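Structural characterization, general
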Amino acid sequence: MTKHLLWVCLLTALPSAGKHILLERTLDKSDFFPGTERKYWVYVPEQYKDGDTACLYMAFDGVSCNAPQVFDELIAEGKMPVTVGVFTEPGKVRNSRREILRYNRSNEYDMTDDRLALFLEKELLPAVEAITTPDGRRIRLSHKASDRAIYGASSGGIASFNIAWQRPDMFSRIFSAVGTFVSFRGGNDMQAFVRKTEPLPLRIFLQDGTKDAWNPLFGSWYEANRMLESALQFAGYELKCDWGDSGHSGARAAEIFKDVMTWLWEGWPAAVKPGITSNNLLEPLLIPDETWQHDDAVRKNPNKRNKYDAIYPDGTLAVRHKDGTNCLWQYIIDENGKESYGQRFYWLHTMDNTPAKVGPMAFDANGNLFVTTSIGIQICDQNGRVRGILRWLKDIAWPVKTIWIENGAIRITDARNKGFVRKMNIQQPQKGVRPKSQGQG
């Protein structure tokens, strides 16, 4: 975004007061955001002991919300665990004369891809863990998602949500203030992903005000946040919100920051658990606490592919993927095997504004099409609409090579020929049997 949002930064890089250390550092290279440099700050509380493993608080746009002083109080009161805070600026690209040629904030924060999460995982947080404080304490961060919270405001708000959404194995606790869930770079679609995707183990606090519309060209920030609230409630998330009449400002987030942190860390060290979705396609399929498991028995797909990517159980319809499109083509197949009336029919989601990366697919007994994609298995109804998304485990290597449905489970093999199985309330199709019609919808 623009200099209009310099209020977000509220940097306190001066020598810190209180029972903590606040270190300033610079990261001057990145493979994920080439040419960028950025300052970041590391808060280390008095209670952190050398060699211990600390919880993590990650924040964007520098030090804000009087966080170091709030953390001093909450840690002393036992209302949050011993936590190391990392506060980063967005990247800037400069020339040899130190002139800024590119502001990278919107590119890093507003995108709904996984680059910022990878930047944290592979570059920024390892740099933090290489730090030794002036008094000799080495920084060690917990890698458990339930030991990690993330915060941002405006574009930093959607960044904090998207990172946890992309990588729930990295962060479980989210505070998004005046988040930019509007049509900058795909943020307006986040509520749709929440409704369609199986619930993730996230605890979320949203804040915004009715006067928030930084630039109406892109939509209403407040309405977008309320739509996300509705989607999160529908999908069964642990959620708390603060709605007022404020505008696009970090003032309200600072006012409620101590209460928000207290709520986010409530129940720690117990892990955050996923809720139960109201999605009427997903909910009947999902079995509580069942996820992908390694399956050494899986070696080959019994449903060998031919010139089509999938064939309807009774053989009357066929599906084919064509590169360069987010649609799958459907064909009518007559009793002699002749195809006709091909149309772009199944429409798939992407999160990185690139053509969908599509792998093998299979029908279930209800005529729903299970399509392997880079973001997970997208489940399309008979009319070609994605109504559910099953997420991959981190250790499933894309591209997936095979998928089939049998014995109340989905089975796949990944790029390394490793097998995975997920038990679900699902029935394998019966050859020659046409599924019951879902109507025109």
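For the structure, see preceding data.
Comments concerning the overall build of the protein
- The helix and strand inventory of the protein stands at eight helices and 22 strands.
- What you see for the protein is a C-alpha radius of gyration of 24 Å, in line with the 22 Å of a compact globule of 441 residues.
- Structurally, the protein occupies a C-alpha span of about 80 × 50 × 45 Å along its principal axes.
- Taken over 441 residues, the protein has a buried fraction of 54%.
- Taking all contacts inside the protein whose residues are at least 6 apart in sequence as the whole, residues at least 24 apart take part in 68%.
- Here the protein has roughly 19,900 Å² of accessible surface; of this, 50% comes from carbon and sulfur atoms.

Remarks on the nonpolar core
- In terms of nonpolar packing, the biggest core is built from 71 residues, with Leu120, Phe161, Trp165 and Leu369 touching the most fellow members.
- By residue number, the principal contributor to this core is helix H3 (residues 115–129), which donates eight residues.
- If we skip the residues at most four places from it in the chain, Leu369 touches Ala310, Val319, Leu328, Tyr346, Met361, Ala362, Phe363, Gln378, Ile379 and Cys380.
- Membership of the second largest hydrophobic core comes to 30 residues, among which are Leu22, Cys65, Met80 and Ala153.

Some words on helix H6 (residues 221–234)
- Between the first and last C-alpha of H6 there are 20 Å, a value that for 14 residues agrees with the 20 Å anticipated at 1.5 Å per step.
- Taken together, the buried positions of H6 are Trp221, Tyr222, Ala224, Asn225, Leu228, Glu229, Ala231 and Leu232.
- Buried positions along H6 lie against helix H4 (155–166), helix H5 (190–196), strand S9 (203–209) and strand S10 (238–244).
- In the segment just after H6, Gly236 is the residue with positive phi, at about 85°.

Observations regarding the sheet that holds strand S13 (residues 317–321)
- Taken in spatial order, the four strands make up an open sheet running S12-S13-S14-S15, and their pairing is antiparallel. Edge positions in the open sheet fall to strand S12 (310–311) and strand S15 (339–347), since each of these has one partner strand only.
- Bridging between strand S14 (residues 327–333) and S15 involves six bridges; their strand directions are antiparallel. Note that in S15 the partner of Cys327 across the bridge is Trp347.

Some points on the pairing of S14
- Most of S14 is tucked away: five of the seven residues are buried.
- Pairing between S13 and S14: five bridges, direction antiparallel. Looking at the pairing, Ala318 lines up with Tyr331 of S14.
- Taking the residues that link successive antiparallel strands as the turn, the S13-S14 hairpin has five residues, and the phi of Gly324 there is positive, at about 90°.
- Here S14 folds back onto S15, and the loop between the two strands holds five residues, one of which, Gly337, carries a positive phi near 85°.

Quick word on the side chain of Asp309
- Tracing the backbone shows Asp309 in the loop between strand S11 (293–294) and S12.
- Within polar-contact distance, the side chain of Asp309 engages the backbone nitrogen of His321 at 2.7 Å.

Description of the packing of aromatic side chains
- Summed over all chains, the structure comprises 21 aromatic pairs.
- A centroid spacing of 6.1 Å and a plane angle of 75° characterise the contact between Tyr151 and Phe257, whose relative ring orientation is edge-to-face. Of this pair, Tyr151 sits in strand S7 (residues 148–153) while Phe257 is found in helix H7 (residues 251–264), placing the two residues 106 residues apart along the sequence.
- Each ring, one from Phe184 and one from Trp221, has its centre 5.7 Å from the other, and the planes form 80°; the classification is edge-to-face. Of this pair, Phe184 sits in the loop between strand S8 (173–177) and H5 while Trp221 sits in helix H6, and the two are 37 residues apart along the sequence.
- Trp221 sits in the buried class, given a relative accessible area of 0%.
- Each member of the aromatic cluster is reached from another via a ring pair, and the members are Tyr43, Tyr57, Phe71, Phe87, Tyr151, Phe175, Phe205, Phe257 and Trp263.
- Just above the ring of Phe234 sits the side chain of Arg195; from NZ or CZ to the centre is 5.1 Å.
- Over the face of the ring belonging to Trp263 we find Arg203, whose NZ or CZ atom lies 5.1 Å from the ring centre.

Re the sheet that holds strand S17 (residues 369–373)
- A sheet is described by the order of its strands in space; here four strands give the open sequence S16-S17-S18-S19, paired in antiparallel fashion. Single-partner strands in this sheet number two, and they are strand S16 (358–363) and strand S19 (386–390). When the angles between neighbouring strand axes are averaged without regard to direction, this sheet yields 25°.
- Where S16 and S17 come together, four bridges link them in antiparallel fashion. Directly across from Phe363, in S17, lies its bridge partner Leu369.

Quick look at the side chain of Arg173
- Topologically, Arg173 is positioned in strand S8.
- Here Arg173 occupies a buried position and makes no salt bridge, while the nearest side chain of opposite charge, Asp147, is found at 5.9 Å.
- A polar contact of 2.9 Å, which involves the side chain of Arg173, links it to the backbone oxygen of Ser146.
- Not counting chain neighbours up to four residues away, the residues in contact with Arg173 comprise Ser146, Arg148, Ala149, Ile150, Arg203, Leu264, Trp265, Glu266, Trp268, Ala270 and Val272.

Overview of the environment of Asp323
- Relative to the helices and strands, Asp323 is located in the loop between S13 and S14.
- A sequence separation of 73 residues divides Asp323 from Gly250, and the C-alpha atoms of the two residues are 44 Å apart.

A closer look at the pairing of S9
- With respect to burial, S9 is a largely interior element, seven of its seven residues being buried.
- Because side chains alternate across S9, one face comprises the buried residues Arg203, Phe205, Gln207 and Gly209, and the other comprises Ile204, Leu206 and Asp208, equally buried.
- Note that S8 and S9 share five bridges and pair parallel. Pairing of Ile174 across the sheet is with Ile204, part of S9.
- Since S8 and S9 lie parallel, the crossover through H5 that links them has a hand, and here it is right-handed.
- One ladder, built from seven bridges, connects S9 with S10; its direction is parallel. Its bridge partner lying in S10, Asp208 is registered against Trp243.

Calculation criteria
Residues numbered from 1 in each chain as written. Predicted model: local features only at pLDDT ≥ 70, side-chain atom pairs only at ≥ 80, totals over all residues. Heavy atoms only, no water. Helix = DSSP H or I, 4+ residues; strand = E, 2+ residues; numbered from the N terminus. Rg over C-alpha atoms; globule rule 2.2 N^0.38 Å. Buried < 20%, exposed > 50% of the residue type's maximum accessible area, 1.4 Å probe, protein only. Contact = heavy atoms within 4.5 Å. Areas by Shrake-Rupley, 256 points an atom, 1.4 Å probe, with all protein chains shown as cover. Core = buried A, V, L, I, M, F, W, Y, C linked by side-chain atoms within 4.5 Å. Expected span 1.5 Å × (residues − 1). Pairing = 2+ DSSP bridges. Polar contact = N/O pair within 3.5 Å; in protein donor to acceptor, adjacent residues only side chain to side chain. Phe/Tyr/Trp six-rings, centres within 6.5 Å; stacked < 30°, edge-to-face > 60°. Lys NZ or Arg CZ within 6 Å of the ring centre and 35° of its normal. Axes fitted to C-alpha atoms, helices over the stretch in contact; angles between N-to-C directions. Lys, Arg positive; Asp, Glu negative; His and termini not counted. Salt bridge = Lys/Arg side-chain N within 4 Å of Asp/Glu carboxyl O. Right-handed = clockwise from strand over helix to strand, strands pointing away.

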